[in-house]
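What follows is each chain in one-letter form.
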Amino acid sequence: MKKIIIALVVVLAVFAFVGCKNVRISKPASSQINLTLPSNPTTGCTWSVKIEDENIATYLGSDYKPHSNPGGMVGVGGDEELHFRTQNPGVTKVYLSYGHAWNENEVYTRYTAEITVKEDMSGRIEILE
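Residues numbered from 1 in each chain as written. Predicted model: local features only at pLDDT ≥ 70, side-chain atom pairs only at ≥ 80, totals over all residues. Heavy atoms only, no water.

Participant: Which residues make up the pattern of salt bridges, and what values do they have?
Facilitator: As enumerated under the stated definition, the model contains three salt bridges in all. A salt bridge links Glu-114 to Lys-93, with the shortest nitrogen-to-oxygen separation between them at 3.5 Å. Taken together, the residues Glu-114 in strand S7 (residues 107-117) and Lys-93 in strand S6 (residues 90-100) connect sequence positions 21 residues apart. The class for Glu-114 is buried, based on a relative accessible area of 19%. For Glu-126, the salt bridge goes to Arg-124, with nearest N and O atoms at 3.1 Å. When its relative accessible area of 9% is taken as the criterion, Glu-126 is described as buried. Judged by its relative accessible area of 30%, Arg-124 is partly exposed. (Salt bridge = Lys/Arg side-chain N within 4 Å of Asp/Glu carboxyl O. Helix = DSSP H or I, 4+ residues; strand = E, 2+ residues; numbered from the N terminus. Buried < 20%, exposed > 50% of the residue type's maximum accessible area, 1.4 Å probe, protein only.)

Participant: Can you explain the side chain of Asn-40? Please cite residues and give values.
Facilitator: With respect to the helices, strands and loops of the structure, Asn-40 is situated in the loop between strand S2 (32-39) and strand S3 (45-51). In terms of polar contacts, Asn-40 uses its side chain to reach the side chain of Thr-42, at 2.5 Å. (Polar contact = N/O pair within 3.5 Å; in protein donor to acceptor, adjacent residues only side chain to side chain.)

Participant: Now, about the nonpolar core: what can you tell me, with residues and values included?
Facilitator: Within the largest apolar cluster, 21 residues are counted, with the highest numbers of intra-cluster contacts made by Leu-37, Phe-84, Val-94, Leu-96 and Ile-115. At the level of secondary structure, the elements contributing two or more residues to this core comprise S2, S3, strand S5 (78-86), S6, S7 and strand S8 (123-127). Contact partners of Val-94, with chain neighbours within four places excluded, come to Val-49, Lys-50, Ile-51, Phe-84, Tyr-111, Thr-112, Ala-113 and Ile-115. (Core = buried A, V, L, I, M, F, W, Y, C linked by side-chain atoms within 4.5 Å. Contact = heavy atoms within 4.5 Å.)

Participant: Before we move on, could you go through the sheet that holds strand S4 (residues 57-66) and cite the residues and values that matter?
Facilitator: With antiparallel pairing, the three strands of this open sheet are ordered in space as S2-S5-S4. On the outer flanks of this sheet lie S2 and S4, each paired with one strand and no other. Mean inter-strand twist for the sheet, computed between neighbouring axes without regard to direction, equals 20°. With nine bridges joining them, S4 and S5 adopt antiparallel strand pairing. Residue pairing in the sheet places Pro-66 in a bridge with Gly-78 of S5. (Pairing = 2+ DSSP bridges. Axes fitted to C-alpha atoms, helices over the stretch in contact; angles between N-to-C directions.)

Participant: Report on the packing of aromatic side chains, specifying residues and quantitative values.
Facilitator: Given two aromatic rings, their pairing is described by the distance between the two centres and the angle made by the two planes. One pass over the structure, following the stated rule, counts three aromatic pairs. Ring centres of Trp-47 and Tyr-98 lie 5.0 Å apart, and the angle between their planes is 45°; this geometry places the pair in the tilted category. Of the two residues, Trp-47 is situated in strand S3 and Tyr-98 in strand S6; the sequence distance between them amounts to 51 residues. The pair Trp-47 / Tyr-98 is uniform in exposure class, with both members buried. A centroid spacing of 5.8 Å and a plane angle of 15° characterise the contact between Trp-47 and Tyr-111, whose relative ring orientation is stacked. Taken together, the residues span a long stretch of sequence, with Trp-47 in strand S3 and Tyr-111 in strand S7 at a distance of 64 residues. An aromatic cluster of three or more residues is present, and its members are Trp-47, Tyr-98 and Tyr-111. (Phe/Tyr/Trp six-rings, centres within 6.5 Å; stacked < 30°, edge-to-face > 60°.)

Participant: Can you lay out the pairing of S6 for me, pointing to particular residues and giving the numbers?
Facilitator: In this structure, S3 lies alongside S6, joined through seven bridges in antiparallel fashion. By the bridge assignment, Val-49 is partnered in S6 with Leu-96. Here S6 hands over to S7 after six residues, the two strands then running antiparallel side by side.

Remember that the coordinates give geometry; whether it matters functionally is a separate question.
As structure tokens, this is what we get:
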């Protein structure tokens, strides 16, 4: 039980660190944009994504990558990489929430991001503060 509590404290500390940063990711024309956020599916939590205007960008899905765990500790988290693709020039908001999928009211972290797609179809995603 102590290991789970310690793992949760570490995950929450990482979330607090990410929340203080203004993250910008830029990619060349017509390429996929990836956003990496801390995650720990052993807690039953995952990232949920809602895009305001899917004519500008679409959400392709995500991949989970666990952190290295040489000690074999149970409950160690990792990173979830969210994948987006630009569709048309413009700006749209992306609403990111981390919590249990079965309970929309139980959300631990929320971010609002913005995807900007230029005329040449190059894209940028930025977590707004």
